[in-house]
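Spelled out from the first residue to the last, the chains are:
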Amino acid sequence: MKKRTIFVNTLLIVLLIVTIAWALTSGASKTKLTDLSNQDLNIILNIRLPRICSAIIAGAALSVAGLFFQAAFRNPIAEPGLMGVSAAAGLFQTLFALVFPTFFIGKTLFATFGAIVAFLILIQFQKLLDPFRLIIVGVALNAVFTGISQILGANNSSSLATSTWTSALILCIIGIIGLIVALILAEWANYLKVSDKQLSSLGMSPKMIRLVLLLIGVILAGVSTASVGVISFIGIIIPQVGRQLLGHDYQKLVTFSVLAGSWFLLLIDTIGRTIAAPNEIAAGVLLAIVGGPAMIGILLSLNRKGKRHA
Amino acid sequence: MLSLEQVNFSYQNQQIFNELTLAIADNKITTIVGPNGSGKSTLFKLLTRGIRPNTGRVLLDGKDIWKISSREFAQRVALVHQKNELFDEIKVRDLIKMGRLPYQGLMGNLDESKKTDEILAALELNSVKDKLVSELSGGQQQRVWLGLSLAQEPEYLFLDEPTTYLDLHFQVQFLQLIKKLNRENGLTICMILHDLNQALRYSDQVILVKDGEIESKGLPEEVLTQDNIRDAFGIDCHVIETERGPIIEQF
């Protein structure tokens, strides 16, 4: 198993580097990495690089957030996008932007706050272990927050396409800190595999463990949404693929999610802006096209396996 | 010694235990039996810090168990639950090593102790230690959950109906293992069993509970008499003496 982990992670790093190189050199205007003109350099440094950094960090952050949501809700299809947390972040960011349009840090914090609000609503429904019922609650919340956002006329003020160094830097700083914390605390996600009763018998507080993991997830999702807009499904797809490839140890899965999530979102975003250049297909849209069927596939395979218990 | 001192406990306005005082004998196997709804599980939960008494104290070596930390308690008292739920896949070794949590804490490295490997060997789980728990047979799984509790290095081991979901072969195998842990390691065992014959065969002490009262307490053959069984369970039975000890036969 260890060999496979090393192989997969190395492969992902290679893929990431290759995709970064591709992303740097493609887009609406062609550039090469050698013989750079001033204009080329400008495009690469000020338009593409922040966008690439944002995609990488957001991809990792949203994947890890999904992973921790799944651990905390004990549900393999939980993730901030599906459950309305991202939509709430988007809504709160819009609300804040109506009042303070250029105060970016404030927008980000408020978006994270919005994510926390949604999360607080969701944990009231914690008893719902049934994946299918949980989806309904999440979809409902999602609809509510998205609907309100649209009433307010939000064009989703931020997306990967509008990435600037301001948004990218904040995302990177908070995102990287969050990801490091997630890596350190990954083992906690393993502890939630047993029941709350069992954890109490071991002298631990399941509530505290769950709360911390969800908080990390919510902050990662909030800051990502504030910088690159609402992106769903990646928090389910990446962890699920990780489980198929590397098993169920959350320490391995967090590392995988960081590497695979960052690569995958960068890939999707780059495809989105090159496949129909000079037009762009937003990463969120492409992911929805890929993610929808992937989700159905996952649900069907879960249904076949049934509930697991000792 | 683990004991209840004048404990009162009620649940949803129903008084379950009234001024209950009871001690669990050290280094012995004590089995609690009784009809459904008699309060056996509640008694268990009171003893293992699962629920708080309304009044009265639960004492571990003279100290109120609610005045020590839950980690400290977990280092001395372990509980194998009746229903062991797993919400995701986990390897045998990874599950058992979680028993070290009371010692290492949330930020500790659970792999530091050799205890996990000792337990895997003692419970004959070495051949499956890297398998997923869900892939094991019922008997093996129950040993894994036992292993988790033993990794806590407890002085007191509580088992709530540990044989309910096992077939006959695994029931016997498990109980013999429990007996061995008691006889060889001095582990104080307290378990709830439904099978009265198993209680007779494997216990040093039996406590018969009915309607929140201790109907009888003492040696198995003294407690599990025809009269007591009829009073508690409403079943007429016959206690037959054999060379191996008494056997209860149901009419």
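Our subject is the structure listed above.
Cut-off values and rules
Residues numbered from 1 in each chain as written. Chains lettered and ligands numbered in written order. Predicted model: local features only at pLDDT ≥ 70, side-chain atom pairs only at ≥ 80, totals over all residues. Heavy atoms only, no water. Helix = DSSP H or I, 4+ residues; strand = E, 2+ residues; numbered from the N terminus. Buried < 20%, exposed > 50% of the residue type's maximum accessible area, 1.4 Å probe, protein only. Rg over C-alpha atoms; globule rule 2.2 N^0.38 Å. Contact = heavy atoms within 4.5 Å. Lys, Arg positive; Asp, Glu negative; His and termini not counted. Charge placed at Lys NZ, Arg CZ, Asp CG, Glu CD. Salt bridge = Lys/Arg side-chain N within 4 Å of Asp/Glu carboxyl O. Buried area = accessible area lost by both parts, 1.4 Å probe. Nonpolar A, V, L, I, M, F, W, Y, C, P; charged D, E, K, R; others polar. Axes fitted to C-alpha atoms, helices over the stretch in contact; angles between N-to-C directions. Parallel < 35°, antiparallel > 145°, perpendicular 65-115°, else oblique. Left-handed = near helix turned anticlockwise from the far one by under 90°. Polar contact = N/O pair within 3.5 Å; in protein donor to acceptor, adjacent residues only side chain to side chain. Expected span 1.5 Å × (residues − 1).

*Asks:* What exactly am I supposed to notice about the overall build of chain A here?
*Replies:* When you go through chain A residue by residue, the secondary structure sums to twelve helices and zero strands. Counting from the amino terminus, helix and strand elements in chain A follow one another as α-α-α-α-α-α-α-α-α-α-α-α. Counting only residues that meet the buried cut, chain A has 55% of its 310 residues in that class.

*Asks:* What exactly am I supposed to notice about the overall build of chain B here?
*Replies:* On a plain count of helices and strands, chain B comes out with ten helices and twelve strands. Here the C-alpha atoms of chain B give a radius of gyration of 19 Å, agreeing with the 18 Å that 2.2 N^0.38 yields for 251 residues. Projected onto the principal axes, the alpha-carbon positions of chain B cover approximately 50 × 45 × 30 Å. A burial count over chain B gives 53% of its 251 residues as buried. Sequence-distant contacts, at least 24 apart, represent 62% of the contacts inside chain B between residues at least 6 apart. Measuring between centres, the 28 positive side-chain charges of chain B sit 6 Å from its 36 negative side-chain charges.

*Asks:* I would appreciate a short explanation of the pattern of salt bridges in the present structure.
*Replies:* Close approach of charged atoms allows side chains of opposite charge to pair. Residue and element names in this part refer to chain B. Within the structure shown, the criterion is met by 18 salt bridges over all chains. Salt-bridge contacts for Glu118 lead to Lys115; the nearest nitrogen and oxygen are separated by 3.4 Å. In this pair, Glu118 and Lys115 both sit in helix α5 (residues 115-122), three residues apart, roughly one turn of the helix. With its nearest N and O atoms 2.5 Å apart, the salt bridge here joins Arg230 to Asp236. Here the salt bridges do not stand alone but share partners, grouping Arg93, Asp94, Lys97, Asp111 and Asp117 into one network.

*Asks:* Explanation requested: the interface of chain A and chain B in the structure shown.
*Replies:* Much of the literature gives interface size as the accessible area that the parts lose upon coming together. Taken together, the contact between chain A and chain B spans 28 residues of the former and 26 residues of the latter. Of the roughly 2,600 Å² buried where chain A meets chain B, counting both sides, 63% is carbon and sulfur surface. Put simply, chain A and chain B have zero salt bridges between them. Elements supplying a minimum of two residues to the side of chain A that touches chain B: α7 (186-191), α8 (196-201) and α9 (206-228) of chain A. For the side of chain A that touches chain B, the per-class residue count stands at 14 nonpolar, seven polar and seven charged.

*Asks:* Explanation requested: the packing of helix α6 (residues 138-150) of chain B against helix α7 (residues 168-185) of chain B in the structure shown.
*Replies:* When two helices pack together, their arrangement is given by the angle between the helix axes and by the axis-to-axis distance. Residues and elements named next belong to chain B. Remark: α6 packs on α7, axes separated minimally by 10 Å, with the N-to-C direction vectors making an angle of 20 degrees. Taken together, the axes of α6 and α7 are roughly parallel relative to one another. Taken as a pair, α6 and α7 cross one another with a handedness that is right-handed. Residues Gly139, Gln142, Arg143, Leu146 and Leu150 of α6 form the contact with α7, whose own contacting residues are Phe170, Gln173, Phe174, Leu177, Ile178 and Leu181. Across the contact of α6 with α7, the residue classes tally to seven nonpolar, three polar and one charged.

*Asks:* I'm lost on the side chain of Asn182 of chain B in this one. Help?
*Replies:* Residues and elements named next belong to chain B. Tracing the sequence through the fold places Asn182 in helix α7. For Asn182, a relative accessible area of 4% corresponds to the buried category. Here the side chain of Asn182 touches Arg183 through a polar contact of 2.6 Å, side chain to side chain. In contact with Asn182, not counting residues within four places along its chain, are Asn27, Lys28, Ile29, Leu187, Ile189 and Asp204.

*Asks:* Honestly, unusual backbone geometry in this entry has me stumped. Any pointers?
*Replies:* For residues besides glycine, phi is generally negative; the peptide bonds are generally trans as well. Residue and element names in this part refer to chain B. Unlike most non-glycine residues, Asn27 shows phi in positive territory, near 60 degrees. The topology assignment puts Asn27 in the loop between β2 (14-24) and β3 (29-33). Not every positive phi belongs to a glycine, and Asp61 is a case in point at roughly 50 degrees. Relative to the helices and strands, Asp61 is located in the loop between β4 (55-60) and β5 (63-64). On the accessibility criterion, Asp61 (43% relative accessible area) is partly exposed.

*Asks:* Got a minute to help me understand the environment of Leu214 of chain A in this structure?
*Replies:* Residues and elements named next belong to chain A. Tracing the sequence through the fold places Leu214 in helix α9. Owing to a relative accessible area of 2%, Leu214 belongs among the buried residues under this scheme. The spacing of Leu214 and Ala186 is 28 residues in sequence and 12 Å in space, taken between C-alpha atoms. Setting aside chain neighbours within four positions, we find Leu214 in contact with Phe69, Ala72, Phe73, Phe119 and Ile123.

*Asks:* Where do I start with helix α10 (residues 234-246) of chain A in this structure?
*Replies:* Note: α-helices contain 3.6 residues per turn, so residues at a spacing of three or four share the same orientation. All names here are of chain A. The terminal C-alpha atoms of α10 lie 18 Å apart, and with 13 residues this matches the ideal 18 Å at 1.5 Å per residue to within 8%. Within α10, ten of the 13 residues are buried, which leaves the element mostly enclosed by the surrounding structure. Of the residues one or two after α10, Gly247 is the one with positive phi, at around 90 degrees.

*Asks:* I tried to follow helix α1 (residues 2-25) of chain A on my own but got confused; where do I start?
*Replies:* End to end, α1 of chain A covers 35 Å across 24 residues, agreeing with the expected 34 Å (1.5 Å per residue, within 8%). The complete set of buried residues in α1 of chain A reads Thr5, Val8, Asn9, Leu12, Leu16, Thr19, Ala23 and Leu24 of chain A.

By themselves, these are just geometric observations and shouldn't be taken as functional.
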